[in-house]
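This is what each chain is made of:
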Amino acid sequence: MSDPAPRAHPGFGLRAVSVRREQRTVLTGIDVELTEHRIGVIGLNGSGKSTLVRLLNGLLLPTTGTVTWNGLDTRREAKRVRRAVGFVFQNPDNQIVMPLVGEDVAFGVRNLGLPRAEVPVRVRAALDRFGLGDLHDREAHTLSGGEKQLLALAGVLIMEPEVVVFDEPTTLLDLRNVRRLGAEIAALDQQVIMVSHDLDALAGFDRVLRVEDGRVVDDGPADAVITGYRRRWG
Amino acid sequence: MSLLGTGRPAGPLARVPAAVLVVALAVLGLTTYLVDDVGVLAGSALAGLLALGLSGLRGRAAVRAVVGLIIFVGVVVLVTALTDTAAHALAHGLRLVAVLAFALAVTSSTTSTALLDLIDRGLAPFARFGLPVRRIGLAVTLTVRFVPEIRARYLEVREAQYARGLHNRPVAVLIPLLVRTFTDAEDIAAALDARCWDADQASR
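Each value, and the rule that gives it
- Residues numbered from 1 in each chain as written.
- Chains lettered and ligands numbered in written order.
- Predicted model: local features only at pLDDT ≥ 70, side-chain atom pairs only at ≥ 80, totals over all residues.
- Heavy atoms only, no water.
- Helix = DSSP H or I, 4+ residues; strand = E, 2+ residues; numbered from the N terminus.
- Buried < 20%, exposed > 50% of the residue type's maximum accessible area, 1.4 Å probe, protein only.
- Contact = heavy atoms within 4.5 Å.
- Areas by Shrake-Rupley, 256 points an atom, 1.4 Å probe, with all protein chains shown as cover.
- Axes fitted to C-alpha atoms, helices over the stretch in contact; angles between N-to-C directions.
- Parallel < 35°, antiparallel > 145°, perpendicular 65-115°, else oblique.
- Left-handed = near helix turned anticlockwise from the far one by under 90°.
- Nonpolar A, V, L, I, M, F, W, Y, C, P; charged D, E, K, R; others polar.
- UniProt positions renumbered as here; feature names shortened; annotations may be inferred.
- Domains from an automatic or database assignment.
- Phe/Tyr/Trp six-rings, centres within 6.5 Å; stacked < 30°, edge-to-face > 60°.
- Lys NZ or Arg CZ within 6 Å of the ring centre and 35° of its normal.
- Pairing = 2+ DSSP bridges.

(A) Seen up close, the overall build of chain B. Looking only at helices and strands, chain B has 7 helices and 0 strands in total. Listed N to C, the secondary structure of chain B is α-α-α-α-α-α-α in terms of helices and strands. In chain B, which comprises 204 residues, the share counted as buried stands at 40%. Taking the contacts inside chain B whose residues are at least 6 apart along the sequence as the reference set, 72% of them involve residues at least 24 apart. Entry remark: accessible area of chain B is about 11200 Å², with carbon and sulfur atoms responsible for 69%.

Here it is, written out as structure tokens:
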């Protein structure tokens, strides 16, 4: 029996993209389409990885060039793009904006104008999915690092995005929580684009981009790109 | 979490809508400062303390709140008695007990979501005059959310500076704390954007 065809998504188009910040070129010459189901982004600290992924949902706009998702330009349709492209940050403390766990998960869907009566139902379902149901009324700042990252993910997924972008989501987690979060990410139906220093976590990905000095210097199957990266810097 | 940071409000007062509590607080505050009759002020103070009892505030949080109240009111009464008459000192003391006890009751009975909704609804008519209603509500909620975080960061920075031998150097703690807080604020703003928060969205 042949392998199932790899899934493809409407995806992102980055055309002649460059980003300059404070008179420094952070990214340049970026021309890629990102349609694969699981895409990893790797590179050294300061290479431009986070800048690249922040372009994807319009958190950052390119200095030159265009970034589109499903044909929507992030410059003109940032709100529509952000509804479809969720983002999980490295530090969940900066992503959790409400004092109570349940309140924080509800925050995103309230912004989308979901009828009030539906909000508690969706919140409960989102928390139960990640085993956080008992923490609904807990103060967010008392959660463990792993629980906070799962809470951040729950707060994003409740908005039913079509894509989830992760910016080094496991950097602050211990081994157990790295594995737990990894399992949750692997189970997602959405397209996933993930920046990570954890090369093992990207091993099963469909494609990996390596960013160096603001450019995409390698782009291809995960095994090949990661092997090249290890060889370069290992 | 209640506005006081004491977990989900649990007392009987938590079942009263936030708008009613806030209006009652405003009326109580106004009344106590328009009235001089000691009997009325004593009754108001008792009402404030009763409300505090009904707020569900218990344990260490209750002790901290009450001790703080006693100290603050005590200082004001003492200073007033020394600089003015004993009658005025008593009246001021009773006013403060009434208002502060009721305010404590309100903050420990109100969730941040309820307050955000109240601010949104209460200030909505003023949006047409350019008042940034949603931003005000969010600023209040973020303050409640991040006070414990900033405190934790302060302790981390202080510990790090102690490890470098920098004891009793407030500036050595304050500057890194401020830098870290402002850096995190950029990420928090990005997170708000990522979760589709819209400052201009009409209040529901």
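Read on, since the account is not over.
(B) The overall build of chain A, seen in detail. In terms of regular secondary structure, chain A is built from 7 helices and 10 strands. Projected onto the principal axes, the alpha-carbon positions of chain A cover approximately 45 × 45 × 40 Å. By residue count, 57% of the 234 residues in chain A fall in the buried class. Nonlocal contacts in chain A, meaning residues at least 24 apart in sequence, comprise 66% of its contacts between residues at least 6 apart. Summing over all exposed atoms, chain A offers an accessible surface of approximately 10400 Å²; the carbon and sulfur share of this is 48%.

(C) Quick peek at the packing of helix α3 (residues 59-83) of chain B against helix α4 (residues 86-107) of chain B. Residues and elements named next belong to chain B. At their nearest, the axes of α3 and α4 sit 9 Å apart, and the two run at 160 degrees to each other. With respect to each other, α3 and α4 are oriented roughly antiparallel. When the axes of α3 and α4 are compared, the crossing they make is right-handed. Here α3 contributes Ala65, Leu69, Phe72, Val73, Val76, Val77, Thr80 and Ala81 to the contact with α4, which in turn contributes His88, Ala89, His92, Gly93, Leu96, Val97, Leu100, Ala101 and Leu104. Split into classes, the residues belonging to the contact of α3 with α4 amount to 13 nonpolar, 4 polar and no charged.

(D) Examining the UniProt feature "domain: ABC transporter" (unreviewed entry) in chain A more closely. Mapped onto the present numbering, the UniProt feature "domain: ABC transporter" (unreviewed entry) falls on residues 12-234 of chain A. The span residues 12-234 of chain A is 32% helix and 28% strand, and its two end C-alpha atoms sit 31 Å from each other.

(E) A look at the UniProt feature "transmembrane region" (unreviewed entry) in chain B. Residues and elements named next belong to chain B. When the UniProt feature table is mapped onto this chain, "transmembrane region" (unreviewed entry) is found at residues 12-34, 40-57, 69-90 and 96-119. The distance separating the terminal C-alpha atoms of residues 40-57 is 26 Å; by composition the span is 83% helix and 0% strand. End C-alpha atoms of residues 69-90 are separated by 15 Å, and the span's content is 91% helix alongside 0% strand.

(F) Looking closely at the domain arrangement of chain B. Considered domain by domain, chain B is made up of domain 1 (12-110) and domain 2 (132-202). Using only C-alpha atoms to locate each centre, domain 1 of chain B and domain 2 of chain B end up separated by 31 Å.

(G) Highlighting the packing of aromatic side chains. All names here are of chain B. Following the criterion strictly, the structure yields 1 aromatic pair over all chains and no others. Sitting above the plane of the tyrosine 33 ring, arginine 95 keeps its charged end 5.4 Å from the centroid. Sitting over the ring of phenylalanine 146, arginine 145 keeps its end group 4.6 Å from the ring centre.

(H) Local environment of the sheet that holds strand β10 (residues 215-220) of chain A. Residue and element names in this part refer to chain A. What the 6 strands build is an open sheet, ordered β6-β7-β8-β3-β9-β10; its pairing is mixed. Only two strands of the sheet have a single neighbouring strand rather than two, namely β6 (85-88) and β10. Going across the sheet, the axis of each strand differs from the next one's by a mean of 15 degrees, ignoring polarity. Two elements, strand β9 (residues 207-212) and β10, share 5 bridges in a ladder whose sense is antiparallel. If you follow glutamate 212 over to β10, its bridge partner there is arginine 215.

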